[in-house]
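# Notes for the structure review
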Amino acid sequence: MLLPVLLLAQSAALVPPLVVTASRLPPLSSAIRIDGATLDSSGSIAAAAASVPNLFITQPGGRSGFAAATLDGADPNFTLVLFDGVPINNATSSRGGAANLAEIGSFGLASLDLLPAQLSAVHGSGALAGVLAITPRGPADRLEFTAQGGGISRGGHTLATGLSGPIGGGWGASLTGQIDDDGTPTPLARFVARTAILRVVRDGGADRLLLRFNDVDAAGFPDASGGALLAHRRVAEQRRAREFLASVRTRRMLADGLALDLSSSWLGRSDSIASPGVAGAASNPAGLPATTDATRYDRLLGQASLAWSAGATQLAAGIEGGIERGRSTGELDFGFFALPAAYTLDRSAWAGFAEIASRAGAVSGSGAVRVDRIGNLKAHLSGRIAAAANLGGGWRLEASAGRSFKAPSFYALANPLVGNPALRPESGQRGDVALIWQQDGTSLRLGGFIARYRDLIDFVFQPAPALVNRGRVAVDGVSASLVQQLGDVQFDLAAQHIWPRDQAGGPGLLLRPRWRANAAVRWQATERLAINLRAGHVGARDDESVPGRRQRLSPYVQLAADARWQATEALAIRLAADNLLDADWQDAAGFPAPPLRLRLLASVRL
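Values in this document were obtained by computation on a predicted structure and should not be read as measured data.

### Some points on the overall build of the protein chain
Along the protein chain, the regular secondary structure elements total five helices and 34 strands. Relative to the 2.2 N^0.38 estimate, which gives 25 Å for 606 residues, the radius of gyration of the protein chain is 23 Å and therefore close to what a compact globule would have. Overall, the protein chain is about 70 × 60 × 45 Å in size when its C-alpha atoms are taken along their principal axes. Looking at the protein chain as a whole, 55% of its 606 residues are labelled buried. Partitioning the contacts of the protein chain with sequence separation of at least 6, the portion at a separation of at least 24 is 60%. Counting every atom, the protein chain has about 24400 Å² of accessible surface; 62% of that belongs to carbon and sulfur. With 58 positive and 51 negative side-chain charges, the protein chain shows a separation of 3 Å between the mean positions of the two kinds.

Right under this line is the structure:
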C-alpha cells in the first residue's frame with residue numbers, strides 16, 4: 001500500500017525517501033521527520049513533537065494533562081494521528097476526537113513523521129490540517145534484547161524492555177514493554193502509563209500484524225479550572241484510560257504491476273473520569289458541576305484497494321468501511337441534586353476513493369478524490385492535487401491544494417454538559433507551496449499556506465458553557481527552516497508565523513501563538529559522546545478559564561539539553577535536562593509549566 005515520499009530530516013542528516021502515510025500513492029510533499037534517537041532523548045511523543053514549529057502542543061500539568069497538538073493553527077482534532085498506519089483518534093475525547101499525545105511513550109519507536117496538508121482525500125474525515133504518523137521499530141536482523149531504565153527528578157522513573165529478531169519463514173517480530181511514571185512535576189499532577197507492543201512483519205512490511213495495549217492512570221486540575229494558580233477547588237480530577245489496538249495488513253501481487261491490498265483494524269478504548277468540577281466566578285457564577293463519567297469507544301475499519309503501476313504512472317482505487325460505537329454513563333452533581341448523564345451513539349461509514357500519480361522528467365504530479373458517507377450525514381466529497389518540480393542545482397518546488405472535512409465527534413454531539421446535537425460537520429480548504437534546496441549537508445525550506453475553515457466547532461463559556469459552530473475561520477502562515485551539517489556539528493533553525501482569525505467577527509481563537517521558533521545544536525564530540533542543545537520560543541496566545549476569564553499568556557523561551565555517552569558497545573548513558581533555565585510560564589490559563597527536571601537513563605542492547 002505504501003510508496004515513497006521525500007523527507008526533510010528534523011534531527012539528523014538528510015535521509016533517503018521513506019513512507020510516512022498510509023496513502024497508496026506518493027503525496028509529493030516533504031514531511032518533517034523526528035528520528036528514533038531524538039524520540040528516545042525526549043522521553044515522550046509530546047515532548048519530541050514540541051520541537052517542530054508547525055506544531056504547538058499544550059500540556060497543562062506535564063504528562064498528566066491532555067497533550068493537544070495544534071498543527072498550523074488548526075484545531076487539535078484536525079490532525080489525524082496514525083500508529084503504524086492505523087488512526088488512533090478517539091471520537092469520545094473531550095478535544096473533539098483529538099489524540100492525547102501524552103499517553104504515547106517513545107520507547108521502541110522508529111520515527112515520528114509530520115505531513116501538514118489537507119488529506120481527507122486519502123484518509124477521510126479528520127485530516128483537515130495534516131497527518132502525524134508514528135512508526136514502531138521493525139524486527140532486527142538478528143535476535144536482539146534491549147532495556148532502558150532511569151530516574152526523573154520530582155519522583156519520576158521509566159523502565160522499558162524489548163525483544164526483536166527473525167522468527168522464521170521470512171517473518172520477523174518485535175515485542176516491547178514500557179512503564180512511565182512522571183512523578184509530581186506540578187501540584188496535584190500524577191501520570192503513570194504502561195504500554196506493550198507486538199509487531200510481526202514479512203517482506204519489509206507488505207504483510208504485518210500489530211497488537212498494542214496502553215493503560216494510563218492520571219490526575220490533575222480539571223480543564224478550565226485555572227490550574228494551580230487560579231483554581232478555587234484544590235482537588236484533583238482522577239482519570240483512567242485503557243486502549244487496545246489490533247491491525248492486520250497484507251499485499252498480494254495479482255499480476256505484473258497490479259497489487260491487491262487488504263487491511264483491517266480494531267480500536268477499543270475505555271475511559272473513566274471523576275472530576276470535582278470548577279467553582280463559579282464572576283464570568284460564570286454557576287461554574288462547572290462535579291462529574292463522574294465512564295466511556296467506552298470501539299471502532300472497526302476495513303479497506304480493500306487495487307494499485308496498478310506502469311512506467312511513470314500509478315493508479316489506485318478502493319473502498320473502505322467502518323463502524324463506530326460510543327457509550328457513556330455517569331452523573332452531574334450540582335450539590336443539591338445529581339442528574340444522571342448518559343449517551344449511546346453508533347454510526348457506520350462507507351467510502352470510495354481513487355488516486356493517480358505520474359512523472360514526466362523533472363516534474364511529477366498526483367491527484368486524489370474520495371467520497372465519504374458517515375452516519376446520517378450527507379455524502380462528502382474530498383479532493384487533493386499536488387505537484388513537484390526539480391529545478392536543478394538542488395532546488396525543488398512543491399505545491400498542493402486540498403478540500404477536507406470532519407464529522408462531529410461523539411463528545412461534541414452528546415456530552416451532557418456541553419454537547420450540541422445540532423452541530424454541523426467542519427470543512428476546510430487549504431493550499432501550500434514550498435521551495436526547498438538540498439546540497440552538501442545543507443537543507444533550506446521556505447513555505448507558506450492559506451487555510452479556510454467553515455463551521456469550526458469551538459467551546460464558548462458564555463452565556464453557558466457549550467460547543468458551537470463558528471461560521472468562517474481563516475489561518476494563513478509562512479515558515480522557514482535550515483539544517484546545516486558542519487563536520488561533527490549540526491545546526492537546525494526553524495520558525496513559523498501564522499495569522500489566525502474569525503472572519504465572522506467572533507473572538508479570537510484560543511491557544512494559537514502567532515510566532516514559533518526553534519533552534520538546535522547537535523555535536524558529536526567524540527566517537528562515544530554526543531551532546532544536544534535545543535531552544536524553543538512560543539509567542540503570546542489567548543486562553544480562558546472560569547476563574548480567570550479570557551487572558552493573554554506571555555511568550556516564553558524553553559531550553560533543553562542532553563548528552564549521550566556510549567560507555568561500551570552494549571551500554572549507553574544519557575543525562576537530559578528539560579526547562580534548563582527553570583523558566584516560568586503557563587501552558588494554559590493558570591497551569592504553570594513543569595520546572596527544571598533532570599533525567600538520567602541507562603540503556604542496554606545485547
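On we go.
### What about the packing of aromatic side chains?
One pass over the full model with this rule turns up nine aromatic pairs. For the ring pair Phe221 and Phe591, a centre distance of 6.5 Å and an interplane angle of 85° mean the geometry is edge-to-face. With Phe221 in the loop between strand S13 (207–220) and helix H4 (227–230) and Phe591 in strand S33 (residues 591–592), the pair connects residues that are 370 residues apart, well separated along the chain. Overall, the relative accessible area of 5% leaves Phe221 in the buried class. Seen from their ring centres, Tyr556 and Trp585 are 4.2 Å apart, and the 5° between their planes marks the pair as stacked. Highlighted residues: Tyr556 in strand S30 (residues 556–566) and Trp585 in the loop between strand S31 (571–578) and strand S32 (586–588), separated in sequence by 29 residues. Both residues of the pair, Tyr556 and Trp585, belong to the buried class. Ring pairing ties together the aromatic residues Phe213, Phe244 and Trp266, which thus form one cluster. Here the basic side chain of Arg430 rests over the ring of Phe449, its NZ or CZ set 4.4 Å away from the ring centre.

### Quick word on the layout of surface pockets
Rolling a probe over the atoms, with the probe sized like a water molecule, indicates the empty space that remains. Its volume calculated, the largest pocket comes out at about 890 Å³. As for the largest pocket, its lining consists of 47 residues, and the residues nearest its centre are Ala37, Thr38, Asp40, Arg564 and Arg574. The dominant element in the lining of the largest pocket, judged by the number of residues it contributes, is strand S34 (residues 597–605), at five residues. Class assignment of the residues belonging to the lining of the largest pocket gives a composition of 18 nonpolar, 17 polar and twelve charged.

### Section: the side chain of Ser265
Checked against the element boundaries, Ser265 lands in strand S15 (residues 258–275). With residues up to four places along the chain from it excluded, the contact list for Ser265 reads Val86, Ala246, Ser247, Arg299, Leu300 and Leu301.

### Some thoughts on a nonpolar patch on the surface
A contiguous nonpolar surface patch, about 860 Å² in accessible area, is contributed by Leu486, Phe491, Val521, Leu533, Leu575, Leu580, Leu581, Leu596, Leu598 and Leu600. Here Leu486 lies in strand S24 (residues 466–486).

### Re the environment of Pro416
Turning to its location among the elements, Pro416 is positioned in the loop between helix H5 (410–414) and strand S22 (426–439). Sequence-wise, Pro416 and Arg528 are 112 residues apart; in three dimensions their C-alpha atoms are separated by 57 Å. Leave out the neighbours within four places in its chain, and Pro416 touches Leu332 and Ala341.

### Some words on the pairing of strand S23 (residues 442–460)
Within a regular beta strand, the side chains point alternately toward one face of the sheet and then the other, so they alternate between its two faces. Bridge count for S22 against S23 is 13 bridges, and the pairing is antiparallel. Bridge pairing links Ser427 to Arg454 in S23. In this antiparallel pair of consecutive strands, S22 and S23, the connection spans two residues, and Asp440 shows a positive phi of 50°.

### Quick word on the nonpolar core
Counting 47 residues, the largest nonpolar core has Ile45, Phe83, Leu101, Leu112, Ile134 and Tyr453 as its most contacted members. Every residue in contact with Ile134, bar those within four places of it in the chain, is listed here: Ile45, Val81, Leu82, Phe83, Asp84, Ile104, Leu109, Ser111 and Leu112. Grouped together as the second largest cluster of nonpolar side chains are twelve residues, Ala117, Leu119, Val122 and Ala368 included.

### Considering unusual backbone geometry
Phi is positive for Arg154, which is not a glycine, with a value near 70°. Turning to its location among the elements, Arg154 is positioned in the loop between strand S9 (144–152) and strand S10 (156–168). On the basis of relative accessibility, which here comes to 46%, the residue Arg154 falls in the partly exposed class. Its identity is not glycine, yet Asp582 carries a phi of approximately 55°, on the positive side. Positionally, Asp582 belongs in the loop between S31 and S32.

### Brief notes about the pattern of salt bridges
Counting across every chain of the model gives 42 salt bridges. Here Arg605 makes a salt bridge to Glu144, at a shortest N to O gap of 2.7 Å. Pair noted here: Arg605 is in strand S34 and Glu144 is in strand S9, with a separation of 461 residues, a long-range link. Given the relative accessible area of 16%, Glu144 is considered buried. Linking Arg325 and Asp346 is a salt bridge whose minimum nitrogen-to-oxygen distance equals 2.9 Å.

### A word on the side chain of Ser106
On the secondary structure map, Ser106 appears in the loop between strand S6 (86–87) and strand S7 (109–116). Reaching out from Ser106, the side chain makes a polar contact with the backbone oxygen of Leu39 at a distance of 3.1 Å.

### Structural notes on the pairing of S7
Taking burial as the measure, the eight residues of S7 include seven buried ones, the bulk of the element. The sheet contact formed by strand S2 (residues 31–35) and S7 spans four bridges and is antiparallel. The residue of S7 that forms the bridge with Asp35 is Ser111. Note: S7 against strand S8 (residues 130–136), seven bridges, orientation antiparallel.

### Notes on the confidence of the model for the protein chain
With 94% of its residues at a pLDDT of at least 70, the protein chain reaches an overall mean of 89. Between residues 1–22, whose pLDDT stays under 50, and residues either more than four places distant or in other chains, the model counts 88 contacts.

### As for the environment of Ile573
Relative to the helices and strands, Ile573 is located in strand S31. Note: C-alpha distance between Ile573 and Ser404 (169 residues apart in sequence) is 45 Å. In contact with Ile573, other than residues within four places in its own chain, are Ala563, Arg564, Trp565, Leu600, Leu601 and Ala602.

Scoring rules and cut-offs
- Along each chain, numbering runs from 1 in the same order as the chain's sequence is written.
- Totals for whole chains, interfaces and linings use every residue, but because this is a predicted model, local features are given only for residues with pLDDT of at least 70 and side-chain atom pairs only at 80 or more, for both listing and counting.
- No hydrogens and no water enter the side-chain calculation; it runs on all heavy atoms of the structure.
- In this description a helix means any DSSP run of H or I spanning at least four residues, a strand means any run of E spanning at least two, and both kinds are numbered starting from the N terminus.
- For the radius of gyration, the atoms used are the C-alpha atoms, and the globule rule reads 2.2 Å times the number of residues raised to 0.38.
- Buried residues are those whose accessible area, probed at 1.4 Å on protein chains only, stays under 20% of the maximum for their type, while exposed residues exceed 50% and partly exposed ones sit between those limits.
- By definition in these notes, contact holds between two residues if any of their heavy atoms fall within 4.5 Å.
- Methods summary: accessible areas were calculated by the Shrake-Rupley approach with a probe of 1.4 Å, and residue burial reflects only the protein chains presented.
- The positive count covers Lys and Arg only, the negative count covers Asp and Glu only, and His and the chain ends enter neither.
- We put the charge of a Lys on NZ, of an Arg on CZ, of an Asp on CG and of a Glu on CD.
- Here a pair means two rings of Phe, Tyr or Trp (six-membered ring of Trp) with centres within 6.5 Å. Their orientation is stacked below 30 degrees between planes, edge-to-face above 60, and tilted elsewhere.
- By definition, being over a ring means that NZ of Lys or CZ of Arg is both within 6 Å of the ring centre and within 35 degrees of the ring normal.
- Here a cavity is any set of points on a 1 Å grid over the protein atoms alone where a 1.4 Å probe fits but cannot get out, and a pocket is any open set with protein on both sides within 12 Å along at least 5 of 7 lines; a residue lines the site when it has an atom within 4 Å of a point.
- Grid points are joined across faces, edges and corners, and a volume is the space filled by probe spheres set on the points.
- When residue character is reported, Ala, Val, Leu, Ile, Met, Phe, Trp, Tyr, Cys and Pro are called nonpolar, Asp, Glu, Lys and Arg charged, and the others, Gly included, polar.
- Here the term patch refers to residues with relative accessible area over 30% and no salt bridge, with like charges joined within 9 Å and nonpolar side chains (Val, Leu, Ile, Met, Phe, Trp, Tyr) within 5 Å.
- Salt bridge, as applied in this entry: a Lys or Arg side-chain nitrogen positioned within 4 Å of an Asp or Glu carboxyl oxygen.
- A strand pair is defined by DSSP finding two or more bridges across the two strands.
- The nonpolar core is taken to be a set of buried Ala, Val, Leu, Ile, Met, Phe, Trp, Tyr and Cys residues, with the residues joined through side-chain atoms within 4.5 Å.
- Here a polar contact is taken to be a pair of N or O atoms separated by no more than 3.5 Å, where protein atoms must pair a possible hydrogen donor with a possible acceptor and residues adjacent in sequence count only if both atoms sit in side chains.
- Scored from 0 to 100, pLDDT records how confident the predictor is in each individual residue.

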